[in-house]
Amino acid sequence: MTGREALPGTLLEARSLHKSYGQVHAVRGVDFVLARDSYVTLLGPSGCGKTTILRLIGGFETPSSGHLNLDGTSLDGVPASRRPVNTVFQSYALFPHLDVEANVGFGLSVAGVSRDEASGRVAEALRMVRLENMARRATQQLSGGQQQRVALARAIVNRPRLLLLDEPLSALDRKMRKDMQIELRELQRRLGLTFLHVTHDQEEAFALSDRVIVMNHGRIEQNDEPQTIYRKPETAYVADFIGGSNILPAAVVSRAADRATVASAFGTFESPAAPSVKVGAPASLCLRPELIALSDASPSLPAKVAHVVFQGADWLVQVAAGKQILFVRLAGAESPPEPGNDVSIRFNPDQAWVAAGSLAGGP
Ligand code: ATP
(Lines give C-alpha, C1' and ligand atoms only; values in the text may rest on other atoms or scores of the structure.)
Protein backbone atom coordinates (compact mmCIF):
# COMPACT_ATOMS: atom_id res chain seq x y z
CA MET A 1 0.00 0.00 0.00
CA THR A 2 1.50 3.32 -0.98
CA GLY A 3 0.36 6.94 -0.86
CA ARG A 4 -3.32 7.72 -0.36
CA GLU A 5 -4.72 5.05 -2.64
CA ALA A 6 -7.49 3.14 -0.87
CA LEU A 7 -7.48 -0.64 -1.00
CA PRO A 8 -10.46 -1.86 -3.04
CA GLY A 9 -13.45 -2.29 -0.77
CA THR A 10 -11.83 -0.25 2.01
CA LEU A 11 -13.82 2.52 3.68
CA LEU A 12 -11.45 3.61 6.43
CA GLU A 13 -7.73 3.15 6.97
CA ALA A 14 -5.87 3.91 10.19
CA ARG A 15 -2.09 4.12 9.71
CA SER A 16 0.39 4.25 12.63
CA LEU A 17 -2.19 6.04 14.74
CA HIS A 18 -0.89 7.38 18.08
CA LYS A 19 -2.62 9.42 20.75
CA SER A 20 -1.00 10.57 23.98
CA TYR A 21 -2.47 12.63 26.80
CA GLY A 22 0.65 13.94 28.54
CA GLN A 23 2.37 10.82 29.89
CA VAL A 24 -0.59 8.54 29.04
CA HIS A 25 -0.19 6.71 25.72
CA ALA A 26 -3.83 5.87 25.03
CA VAL A 27 -3.24 4.61 21.45
CA ARG A 28 0.25 3.39 20.50
CA GLY A 29 0.71 2.87 16.78
CA VAL A 30 -2.43 1.25 15.49
CA ASP A 31 -2.97 0.07 11.88
CA PHE A 32 -6.24 -1.33 10.58
CA VAL A 33 -8.73 -1.02 7.75
CA LEU A 34 -12.53 -1.16 7.81
CA ALA A 35 -14.05 -2.88 4.79
CA ARG A 36 -17.08 -1.16 3.26
CA ASP A 37 -20.43 -2.48 4.56
CA SER A 38 -18.80 -4.48 7.35
CA TYR A 39 -19.52 -4.72 11.08
CA VAL A 40 -16.28 -4.40 13.04
CA THR A 41 -15.84 -4.48 16.83
CA LEU A 42 -13.06 -2.97 18.92
CA LEU A 43 -12.81 -5.31 21.91
CA GLY A 44 -10.73 -4.94 25.04
CA PRO A 45 -10.73 -4.18 28.76
CA SER A 46 -11.37 -0.76 30.24
CA GLY A 47 -8.63 1.75 29.42
CA CYS A 48 -7.12 -0.07 26.41
CA GLY A 49 -7.82 2.84 24.03
CA LYS A 50 -11.05 1.78 22.28
CA THR A 51 -12.99 5.01 22.90
CA THR A 52 -9.96 7.10 22.00
CA ILE A 53 -9.86 5.43 18.56
CA LEU A 54 -13.57 6.26 18.05
CA ARG A 55 -12.97 9.87 19.10
CA LEU A 56 -10.03 10.17 16.68
CA ILE A 57 -12.20 8.86 13.83
CA GLY A 58 -15.14 11.06 14.85
CA GLY A 59 -12.88 14.12 14.87
CA PHE A 60 -13.34 14.88 18.60
CA GLU A 61 -9.61 14.32 19.18
CA THR A 62 -6.53 14.94 16.99
CA PRO A 63 -3.94 12.14 16.57
CA SER A 64 -0.52 12.79 18.13
CA SER A 65 0.83 11.13 14.95
CA GLY A 66 -0.39 8.85 12.19
CA HIS A 67 -3.22 9.18 9.72
CA LEU A 68 -6.84 8.35 9.04
CA ASN A 69 -8.18 8.11 5.48
CA LEU A 70 -11.84 7.76 4.61
CA ASP A 71 -12.60 6.60 1.06
CA GLY A 72 -8.97 7.33 0.20
CA THR A 73 -9.19 10.96 1.40
CA SER A 74 -7.23 12.14 4.43
CA LEU A 75 -9.24 13.20 7.49
CA ASP A 76 -6.30 15.34 8.72
CA GLY A 77 -7.67 18.70 9.80
CA VAL A 78 -11.28 17.86 8.83
CA PRO A 79 -13.56 19.05 11.68
CA ALA A 80 -16.03 16.59 13.27
CA SER A 81 -19.02 18.37 11.71
CA ARG A 82 -17.63 17.84 8.20
CA ARG A 83 -16.88 14.12 8.56
CA PRO A 84 -19.45 11.70 7.09
CA VAL A 85 -19.35 9.87 10.41
CA ASN A 86 -21.86 9.74 13.29
CA THR A 87 -21.55 8.36 16.81
CA VAL A 88 -24.07 6.55 19.02
CA PHE A 89 -23.17 6.90 22.69
CA GLN A 90 -23.85 4.63 25.64
CA SER A 91 -25.90 7.38 27.30
CA TYR A 92 -28.21 7.93 24.25
CA ALA A 93 -28.00 11.71 24.91
CA LEU A 94 -31.62 12.33 23.82
CA PHE A 95 -33.34 15.69 24.35
CA PRO A 96 -35.93 15.03 27.09
CA HIS A 97 -38.17 17.97 26.09
CA LEU A 98 -38.52 16.82 22.46
CA ASP A 99 -40.60 13.90 21.16
CA VAL A 100 -39.11 11.00 19.19
CA GLU A 101 -39.59 12.63 15.79
CA ALA A 102 -38.07 15.95 16.89
CA ASN A 103 -35.09 14.15 18.46
CA VAL A 104 -34.40 12.28 15.23
CA GLY A 105 -34.89 15.37 13.02
CA PHE A 106 -32.95 17.80 15.21
CA GLY A 107 -29.67 17.59 13.28
CA LEU A 108 -31.45 18.00 9.94
CA SER A 109 -33.17 21.21 11.02
CA VAL A 110 -29.84 22.58 12.35
CA ALA A 111 -28.27 21.71 8.96
CA GLY A 112 -31.03 23.68 7.19
CA VAL A 113 -32.67 20.70 5.44
CA SER A 114 -36.19 21.67 4.24
CA ARG A 115 -39.14 20.58 6.41
CA ASP A 116 -40.56 18.34 3.69
CA GLU A 117 -37.30 16.55 3.05
CA ALA A 118 -36.56 16.28 6.78
CA SER A 119 -39.93 14.73 7.56
CA GLY A 120 -39.44 12.09 4.81
CA ARG A 121 -35.97 11.25 6.09
CA VAL A 122 -37.10 11.09 9.72
CA ALA A 123 -39.97 8.76 8.78
CA GLU A 124 -37.53 6.50 6.88
CA ALA A 125 -35.06 6.44 9.80
CA LEU A 126 -37.88 5.57 12.24
CA ARG A 127 -39.00 2.77 9.90
CA MET A 128 -35.45 1.43 9.85
CA VAL A 129 -35.41 1.11 13.63
CA ARG A 130 -39.06 -0.03 13.82
CA LEU A 131 -40.33 3.01 15.73
CA GLU A 132 -42.64 4.39 13.05
CA ASN A 133 -45.61 4.16 15.43
CA MET A 134 -43.92 6.11 18.19
CA ALA A 135 -42.99 9.32 16.38
CA ARG A 136 -44.99 11.54 18.76
CA ARG A 137 -44.03 9.81 22.02
CA ALA A 138 -42.04 11.70 24.63
CA THR A 139 -38.65 10.01 25.00
CA GLN A 140 -39.20 9.49 28.77
CA GLN A 141 -42.13 7.22 27.89
CA LEU A 142 -39.86 4.76 26.07
CA SER A 143 -38.05 1.68 27.35
CA GLY A 144 -34.24 1.63 27.40
CA GLY A 145 -34.16 -0.39 24.17
CA GLN A 146 -36.58 2.01 22.45
CA GLN A 147 -34.51 5.01 23.56
CA GLN A 148 -31.46 3.33 22.11
CA ARG A 149 -33.31 2.90 18.81
CA VAL A 150 -34.17 6.63 18.79
CA ALA A 151 -30.46 7.35 19.26
CA LEU A 152 -29.72 5.01 16.33
CA ALA A 153 -32.37 6.66 14.12
CA ARG A 154 -30.87 10.06 14.92
CA ALA A 155 -27.40 8.80 13.98
CA ILE A 156 -28.47 7.32 10.62
CA VAL A 157 -30.94 10.03 9.52
CA ASN A 158 -28.28 12.01 7.64
CA ARG A 159 -26.84 8.88 6.01
CA PRO A 160 -23.26 8.85 7.35
CA ARG A 161 -20.77 6.56 5.61
CA LEU A 162 -19.52 5.23 8.92
CA LEU A 163 -21.43 4.73 12.18
CA LEU A 164 -19.42 4.62 15.40
CA LEU A 165 -21.08 2.92 18.40
CA ASP A 166 -19.52 3.38 21.84
CA GLU A 167 -20.76 0.63 24.21
CA PRO A 168 -24.29 1.27 22.89
CA LEU A 169 -25.92 -1.64 24.73
CA SER A 170 -24.24 -1.46 28.12
CA ALA A 171 -27.17 0.33 29.82
CA LEU A 172 -29.62 -2.43 28.84
CA ASP A 173 -30.47 -5.58 30.76
CA ARG A 174 -29.19 -8.92 29.46
CA LYS A 175 -32.34 -9.96 27.58
CA MET A 176 -32.75 -6.55 25.94
CA ARG A 177 -29.06 -6.54 25.03
CA LYS A 178 -29.39 -9.87 23.20
CA ASP A 179 -32.43 -8.60 21.27
CA MET A 180 -30.70 -5.34 20.38
CA GLN A 181 -27.61 -7.23 19.16
CA ILE A 182 -29.77 -8.95 16.55
CA GLU A 183 -31.47 -5.65 15.66
CA LEU A 184 -28.14 -3.86 15.28
CA ARG A 185 -26.78 -6.52 12.96
CA GLU A 186 -29.96 -6.48 10.85
CA LEU A 187 -29.96 -2.68 10.75
CA GLN A 188 -26.36 -2.64 9.51
CA ARG A 189 -27.26 -5.08 6.73
CA ARG A 190 -30.44 -3.22 5.75
CA LEU A 191 -28.60 0.10 5.59
CA GLY A 192 -25.50 -1.31 3.88
CA LEU A 193 -23.40 0.90 6.17
CA THR A 194 -20.09 0.28 7.92
CA PHE A 195 -20.41 0.00 11.72
CA LEU A 196 -17.48 0.28 14.17
CA HIS A 197 -18.67 -0.84 17.61
CA VAL A 198 -16.74 -0.58 20.89
CA THR A 199 -17.36 -3.16 23.61
CA HIS A 200 -15.59 -5.00 26.42
CA ASP A 201 -18.02 -7.93 26.08
CA GLN A 202 -16.56 -10.76 23.99
CA GLU A 203 -19.92 -12.48 23.48
CA GLU A 204 -21.33 -9.26 22.08
CA ALA A 205 -18.32 -8.86 19.77
CA PHE A 206 -18.72 -12.42 18.46
CA ALA A 207 -22.49 -12.07 18.00
CA LEU A 208 -22.24 -8.89 15.94
CA SER A 209 -19.08 -8.79 13.96
CA ASP A 210 -17.53 -9.65 10.64
CA ARG A 211 -14.20 -8.80 12.27
CA VAL A 212 -13.06 -8.32 15.84
CA ILE A 213 -10.06 -6.13 16.72
CA VAL A 214 -8.73 -7.12 20.16
CA MET A 215 -6.85 -4.31 21.93
CA ASN A 216 -4.32 -4.37 24.75
CA HIS A 217 -2.81 -1.20 26.25
CA GLY A 218 -3.26 0.95 23.17
CA ARG A 219 -2.10 -1.70 20.69
CA ILE A 220 -3.89 -4.22 18.48
CA GLU A 221 -3.32 -7.74 19.72
CA GLN A 222 -5.32 -9.50 16.96
CA ASN A 223 -7.61 -8.45 14.09
CA ASP A 224 -9.54 -11.41 12.67
CA GLU A 225 -12.90 -13.01 12.07
CA PRO A 226 -14.68 -14.03 15.31
CA GLN A 227 -14.19 -17.77 14.70
CA THR A 228 -10.44 -17.28 14.21
CA ILE A 229 -10.15 -15.19 17.38
CA TYR A 230 -11.99 -17.94 19.26
CA ARG A 231 -10.24 -20.99 17.78
CA LYS A 232 -6.81 -19.54 17.02
CA PRO A 233 -6.01 -16.77 19.49
CA GLU A 234 -2.68 -15.24 18.44
CA THR A 235 -1.54 -14.58 22.01
CA ALA A 236 -2.16 -15.83 25.53
CA TYR A 237 -3.66 -12.38 26.28
CA VAL A 238 -6.36 -12.89 23.58
CA ALA A 239 -7.05 -16.47 24.74
CA ASP A 240 -7.42 -15.22 28.31
CA PHE A 241 -9.63 -12.25 27.39
CA ILE A 242 -11.92 -14.41 25.24
CA GLY A 243 -12.07 -16.84 28.14
CA GLY A 244 -13.04 -20.48 28.38
CA SER A 245 -9.54 -21.97 27.85
CA ASN A 246 -7.02 -23.50 30.20
CA ILE A 247 -3.79 -21.58 29.56
CA LEU A 248 -0.54 -23.28 30.60
CA PRO A 249 3.06 -22.09 30.31
CA ALA A 250 4.94 -23.86 27.49
CA ALA A 251 8.48 -23.77 26.08
CA VAL A 252 8.81 -23.93 22.30
CA VAL A 253 11.25 -26.68 21.32
CA SER A 254 10.88 -26.34 17.55
CA ARG A 255 8.60 -24.70 15.02
CA ALA A 256 7.36 -25.84 11.59
CA ALA A 257 4.87 -24.24 9.14
CA ASP A 258 1.70 -24.01 11.24
CA ARG A 259 2.75 -26.21 14.18
CA ALA A 260 5.15 -26.10 17.11
CA THR A 261 6.66 -28.70 19.40
CA VAL A 262 6.27 -27.55 22.99
CA ALA A 263 7.30 -28.79 26.42
CA SER A 264 4.70 -28.31 29.15
CA ALA A 265 3.38 -30.00 32.29
CA PHE A 266 1.98 -32.67 29.92
CA GLY A 267 5.38 -33.52 28.42
CA THR A 268 6.63 -32.69 24.94
CA PHE A 269 4.41 -32.91 21.83
CA GLU A 270 3.49 -31.10 18.63
CA SER A 271 0.33 -28.97 18.26
CA PRO A 272 -1.09 -26.35 15.88
CA ALA A 273 0.46 -22.95 16.69
CA ALA A 274 -0.13 -19.24 16.08
CA PRO A 275 2.13 -17.60 13.44
CA SER A 276 4.04 -15.47 15.97
CA VAL A 277 5.04 -18.43 18.19
CA LYS A 278 8.87 -18.64 18.11
CA VAL A 279 11.55 -20.84 19.60
CA GLY A 280 13.07 -19.05 22.59
CA ALA A 281 10.13 -16.66 23.13
CA PRO A 282 7.44 -17.20 25.82
CA ALA A 283 4.45 -19.28 24.70
CA SER A 284 1.31 -20.82 26.16
CA LEU A 285 -0.62 -24.02 25.60
CA CYS A 286 -4.38 -23.40 25.30
CA LEU A 287 -6.70 -26.30 26.07
CA ARG A 288 -10.47 -26.00 25.88
CA PRO A 289 -12.16 -27.74 28.85
CA GLU A 290 -14.48 -29.69 26.52
CA LEU A 291 -11.48 -31.22 24.72
CA ILE A 292 -9.99 -32.76 27.85
CA ALA A 293 -11.07 -36.23 28.96
CA LEU A 294 -10.72 -37.98 32.29
CA SER A 295 -9.08 -41.24 31.26
CA ASP A 296 -5.93 -43.17 32.03
CA ALA A 297 -5.18 -44.10 28.40
CA SER A 298 -1.64 -42.97 27.70
CA PRO A 299 -0.26 -40.36 27.48
CA SER A 300 -2.05 -38.89 30.44
CA LEU A 301 -1.28 -36.84 33.50
CA PRO A 302 -2.26 -37.74 37.07
CA ALA A 303 -4.49 -35.16 38.74
CA LYS A 304 -6.78 -34.75 41.74
CA VAL A 305 -10.37 -33.51 41.53
CA ALA A 306 -10.82 -30.24 43.45
CA HIS A 307 -14.39 -29.12 42.65
CA VAL A 308 -17.32 -30.35 40.59
CA VAL A 309 -19.92 -27.78 39.44
CA PHE A 310 -23.25 -28.77 37.87
CA GLN A 311 -24.05 -26.48 34.94
CA GLY A 312 -27.20 -28.06 33.55
CA ALA A 313 -26.01 -29.29 30.15
CA ASP A 314 -22.63 -30.34 31.57
CA TRP A 315 -20.32 -30.63 34.55
CA LEU A 316 -17.36 -28.35 35.06
CA VAL A 317 -14.67 -30.25 36.93
CA GLN A 318 -11.70 -28.43 38.42
CA VAL A 319 -8.62 -30.62 38.77
CA ALA A 320 -5.14 -29.99 40.13
CA ALA A 321 -2.21 -31.56 38.26
CA GLY A 322 0.76 -30.68 40.44
CA LYS A 323 0.65 -26.88 40.70
CA GLN A 324 -1.46 -26.59 37.56
CA ILE A 325 -5.21 -26.01 37.96
CA LEU A 326 -7.31 -27.06 34.94
CA PHE A 327 -10.99 -27.07 34.04
CA VAL A 328 -12.50 -30.13 32.37
CA ARG A 329 -16.00 -30.12 30.89
CA LEU A 330 -17.94 -33.39 30.98
CA ALA A 331 -21.32 -34.04 29.35
CA GLY A 332 -24.19 -33.72 31.86
CA ALA A 333 -25.19 -37.32 31.20
CA GLU A 334 -21.83 -38.67 32.46
CA SER A 335 -21.43 -39.42 36.13
CA PRO A 336 -18.85 -36.96 37.47
CA PRO A 337 -15.93 -37.86 39.74
CA GLU A 338 -16.04 -36.91 43.43
CA PRO A 339 -13.87 -34.12 44.87
CA GLY A 340 -10.68 -35.70 46.22
CA ASN A 341 -10.67 -38.53 43.61
CA ASP A 342 -7.45 -39.32 41.78
CA VAL A 343 -7.99 -39.11 38.01
CA SER A 344 -5.92 -39.04 34.82
CA ILE A 345 -6.38 -36.23 32.32
CA ARG A 346 -5.85 -36.66 28.64
CA PHE A 347 -6.25 -34.64 25.43
CA ASN A 348 -5.43 -34.89 21.75
CA PRO A 349 -2.46 -32.57 20.94
CA ASP A 350 -4.03 -31.84 17.53
CA GLN A 351 -6.91 -30.16 19.38
CA ALA A 352 -4.68 -28.02 21.58
CA TRP A 353 -3.38 -24.61 20.45
CA VAL A 354 -0.09 -22.86 21.07
CA ALA A 355 -0.37 -19.06 21.46
CA ALA A 356 2.47 -16.56 21.73
CA GLY A 357 3.35 -14.99 25.08
CA SER A 358 2.55 -15.98 28.61
CA LEU A 359 -0.02 -14.65 31.04
CA ALA A 360 2.57 -13.74 33.64
CA GLY A 361 4.98 -11.79 31.43
CA GLY A 362 2.70 -10.82 28.54
CA PRO A 363 3.70 -11.36 24.92
P1 ATP B 1 -13.44 2.16 28.66
O2 ATP B 1 -13.94 0.82 28.19
O3 ATP B 1 -13.28 2.24 30.14
O4 ATP B 1 -14.19 3.32 28.06
P5 ATP B 1 -11.34 2.47 26.66
O6 ATP B 1 -10.70 1.22 26.19
O7 ATP B 1 -12.37 3.07 25.79
O8 ATP B 1 -11.91 2.26 28.13
P9 ATP B 1 -10.03 5.02 26.54
O10 ATP B 1 -11.20 5.79 27.06
O11 ATP B 1 -9.73 5.13 25.09
O12 ATP B 1 -10.15 3.48 26.92
O13 ATP B 1 -8.75 5.45 27.39
C14 ATP B 1 -7.45 4.97 27.12
C15 ATP B 1 -6.47 5.59 28.13
O16 ATP B 1 -6.36 6.99 27.88
C17 ATP B 1 -6.90 5.44 29.58
O18 ATP B 1 -5.75 5.25 30.34
C19 ATP B 1 -7.53 6.80 29.87
O20 ATP B 1 -7.44 7.10 31.25
C21 ATP B 1 -6.71 7.74 29.04
N22 ATP B 1 -7.47 8.92 28.58
C23 ATP B 1 -8.56 8.92 27.79
N24 ATP B 1 -8.99 10.18 27.56
C25 ATP B 1 -8.16 11.01 28.26
C26 ATP B 1 -8.07 12.43 28.43
N27 ATP B 1 -8.92 13.26 27.84
N28 ATP B 1 -7.07 12.88 29.20
C29 ATP B 1 -6.18 12.06 29.80
N30 ATP B 1 -6.21 10.72 29.67
C31 ATP B 1 -7.18 10.19 28.91
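Residues numbered from 1 in each chain as written. Predicted model: local features only at pLDDT ≥ 70, side-chain atom pairs only at ≥ 80, totals over all residues. Heavy atoms only, no water.

## Structural notes on the layout of surface pockets
Link 1 in the chain: The calculated volume of the largest pocket comes to roughly 730 Å³.
Link 2 in the chain: Contributing to the lining of the largest pocket are 25 residues, with Val-85, Asn-86, Gly-107, Arg-154 and Asn-158 lying nearest its centre.
Link 3 in the chain: For the lining of the largest pocket, the secondary-structure elements that each account for two or more residues are strand S6 (85–88), helix H2 (100–110) and helix H4 (144–156).
Link 4 in the chain: Per element, the largest residue contribution to the lining of the largest pocket is 4 residues, and it comes from S6.
Link 5 in the chain: Residue classes in the lining of the largest pocket are distributed as 16 nonpolar, 6 polar and 3 charged. (1 Å grid on protein atoms, 1.4 Å probe; cavity = no way out; pocket = protein on both sides within 12 Å on 5 of 7 lines; lining within 4 Å. Points joined across faces, edges and corners; volume = space filled by probe spheres on them. Helix = DSSP H or I, 4+ residues; strand = E, 2+ residues; numbered from the N terminus. Nonpolar A, V, L, I, M, F, W, Y, C, P; charged D, E, K, R; others polar.)

## Some remarks on the pairing of strand S8 (residues 194–199)
Link 1 in the chain: Counting buried positions along S8 yields 6 of 6 residues, so the element is predominantly enclosed.
Link 2 in the chain: The side-chain alternation of S8 yields two buried faces, one formed by Thr-194, Leu-196 and Val-198 and the other by Phe-195, His-197 and Thr-199.
Link 3 in the chain: Relative to S8, strand S3 (residues 39–43) runs parallel, the two being bridged by 5 bridges. Bridge pairing in S8 places Leu-43 opposite Thr-199.
Link 4 in the chain: Relative to S8, strand S7 (residues 162–166) runs parallel, the two sharing 5 bridges. (Buried < 20%, exposed > 50% of the residue type's maximum accessible area, 1.4 Å probe, protein only. Pairing = 2+ DSSP bridges.)

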